[in-house]
Amino acid sequence: MSLLAALALGTTPARGEDATQVESKGKLVLLLDSSGSMKESSGGTTKIAAAKAALEDVVSQLPDNAQVGVRVFGAKVFSAKDKGACTDTQNVVPVGPVDRQGISKAIAGYKPYGETPIGNALKGAAKDLGAEGKRTIVLLSDGEPTCAPDPCKVAKNLRSQGIDLKINVVGLDVSGKARSALQCIARAGGGTYYGVNDPDDLASSLVSVSVRALRQFTLSGKPVVGGTSTADPLKLEPGRYTDTTQGKATSRYYSIAKPKNSDLVVSAVARPPYDSGTSNKLEVELLTADGQRCEADYAIRPNVLQDQSILSVGAIFSSRLPSTNDVCEAATSLLARVGLDALAQDPFELLVSTRPNIKDFATLPPALTSQQVRAAEGATFVPAGRPTPVVGGITFNDAPALKPGRYRDTLRPGEQLIYRIPASWGQRPRIRATLETDVQGAKELSMPGILAEVTMIAPTLHSLGRTGPNGGNFWDGERPVTLTGEGYELRARNIESTTTSIRAVSAAGDQYAVLSMAQPLGGDGSHFAAPVTISVDVVGKVTGEPAYAGKVKGAGEAVKKTADDSEEGSSVPWLPLGIGAAVVLLVAAGYALGRRGRPAA
């Protein structure tokens, strides 16, 4: 999917405006079964009542810029003996800018009545979506198709026409031939089948296959155009910005004031399009005016997965760094160089922040040691409570906040989901993600299965990588696999550590967990969703809060946030697959991997 850039090279954008760069918008049709069987009971309620409640939940979570329509089938002709029963399908909400009131009205009028002409309903839904752009049909049904044409053949034919269309299916309390028929539609339509037996799970399943299909990766901030050399850098204040590349092997330069005794944090994030046969690289360097390197960070994505993984990097300069350079420390400003080795005019987000001197630094808890980090990984983890539904985010802005407890979600091939774990000074977040057994996954995957992993992200946008004793493993659908992620205790004096990842956890803010699944190997299918049980814990009492001599400024300073907070002040997006031992494993399996490193200063 193409990226829509709001910037044009060579022109200076308006300085007072905030811009968002978004992928091309997709379209969605909710295709609803209105056959008579929907009046049957299921889990203490009727299927139609469960569907209405779940659909209202979907409507509330639809992105504001979504293009959505609703079509029903089996709503007007009662019996197969009656004329028109097999063409009984109507578009009740045309595809267009999301009309929550119109969709809610259509849902309220949604009643069980007639037959199940899924084949013709799919044809109608495809026409509703038009012939251009990314399109998704979400079919909700509880029964076996009762009319020609065969919906599985219809779905296959739609895909064979080269149409960028995916058909996801949610089967409500179905089994036997009905379930097989619905699974066939999902496979032929390039989508995922979700089987739901408990009406309480219907909402999360519908959100997973509909809202996820419409959420778009975004880069937000004030549009700027950086300099093209060290001689013409653009001056920036702390804040959030967007810019674009000039093409491969080029850089953008910015000049940033470095107040005395302050830390400077510069981070960047991008999602360049897939470029066959090459690797994408994103790098941030902090330099003196004469080009001497002070700090740097980079991320590389080999394009093996043929997807659009996120690249995320961040560089921190502090006078308290173990290897502080006197020239860098004496400088009153530093140059930030951002290099994105990708196609021309690819957008990236830039985050700049400063952290003033800490007045009580010497009295705070000392920096973590590597031994303490390793010892913490072995601590007992006892999850508690009944899992509640959650839908993982695809960017920082829509990542759900997970407090200590248990949750359930689903993970599909090629998907990366981000969760925010609120934590404060002296606290350390932990996560366990168990990929449960799944009949469909076991049916489609061959040994050894498909790789899944959990990586952790620090508040400063640095990746901590795989931090748990089992951060990544293969899942084959036949047996559960538990993945582990360990955050680091938040300490201001972590900035003194000789270990880059520990230094990254030196600023207040939430930490993040990214749950990833690679693409299947060889001829394995991808029309399944692994059920996931997520357990979260936060260890430690709030302690060691520093007394800053001034105000922390800019975006990316990782301010304490709640679920209702605005996004201003922090922006930590999701990351590509992890590093370390996973490199050998992934390359051997034919997967791509985002690799991170910090060059020697």
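This one's a predicted model, so the numbers in the text were calculated from it and none came from an experiment. (Residues numbered from 1 in each chain as written. Predicted model: local features only at pLDDT ≥ 70, side-chain atom pairs only at ≥ 80, totals over all residues. Heavy atoms only, no water.)

**Q** Provide a residue-level description of the packing of helix H4 (residues 151-160) against helix H5 (residues 176-188), including the pertinent values.
**A** Packing of H4 against H5 leaves a shortest axis separation of 8 Å and a crossing angle of 5°. Accordingly, the angle class assigned to the pair H4 and H5 is roughly parallel. Taking contact as the criterion, the partners of Pro151, Cys152, Ala155, Lys156 and Arg159 in H4 are, on H5, Cys184, Ile185 and Ala188. Looking at the contact of H4 with H5 residue by residue, the classes come out as 6 nonpolar, no polar and 2 charged. (Axes fitted to C-alpha atoms, helices over the stretch in contact; angles between N-to-C directions. Helix = DSSP H or I, 4+ residues; strand = E, 2+ residues; numbered from the N terminus. Parallel < 35°, antiparallel > 145°, perpendicular 65-115°, else oblique. Contact = heavy atoms within 4.5 Å. Nonpolar A, V, L, I, M, F, W, Y, C, P; charged D, E, K, R; others polar.)

**Q** So what about the confidence of the model for the chain? Which residues, and what values?
**A** For the chain, mean pLDDT is 81; residues scoring 70 or higher make up 85% of the total. Summarising per-element confidence for the chain, the mean pLDDT is lowest in strand E1 (residues 3-4) (24) and highest in strand E12 (residues 234-236) (97). (pLDDT = per-residue confidence, 0-100.)

**Q** So what's going on with the state of the cysteines? Residues and values would help.
**A** Tallied over the entire structure, the rule returns 3 disulfides. Between the sulfur atoms of Cys86 and its disulfide partner Cys147 the distance amounts to 2.2 Å. Every disulfide takes its handedness from the sign of the S-S torsion; for Cys86 and Cys147 that torsion is -75°, giving left-handed. Remark: Cys147 occurs in the loop between strand E8 (135-141) and H4 and Cys86 occurs in the loop between strand E6 (67-73) and strand E7 (89-97); sequence separation between them is 61 residues. Its relative accessible area of 30% is what places Cys86 among the partly exposed residues. Here the bonded cysteines of the chain are numbered in sequence order, and their pairing is 1-2, 3-4, 5-6. (Disulfide = S-S within 2.5 Å. Buried < 20%, exposed > 50% of the residue type's maximum accessible area, 1.4 Å probe, protein only.)

**Q** Could you give an account of H4, naming the residues involved and the relevant values?
**A** Residues Pro151, Cys152, Val154, Ala155 and Leu158 constitute the buried set of H4. Looking down the long axis of H4, one finds its buried residues gathered within 160° of arc, a one-sided arrangement. Pointing more than 90 degrees away from the buried face of H4 are the exposed residues Lys153, Lys156 and Ser160. Buried residues along H4 sit against helix H3 (118-129), strand E9 (165-172) and H5. The distance from a side-chain oxygen at the start of H4 to the backbone nitrogen of Cys152 is 2.9 Å, and the residue carrying that oxygen is Asp150. (Arc of directions from axis to C-beta. Polar contact = N/O pair within 3.5 Å; in protein donor to acceptor, adjacent residues only side chain to side chain.)

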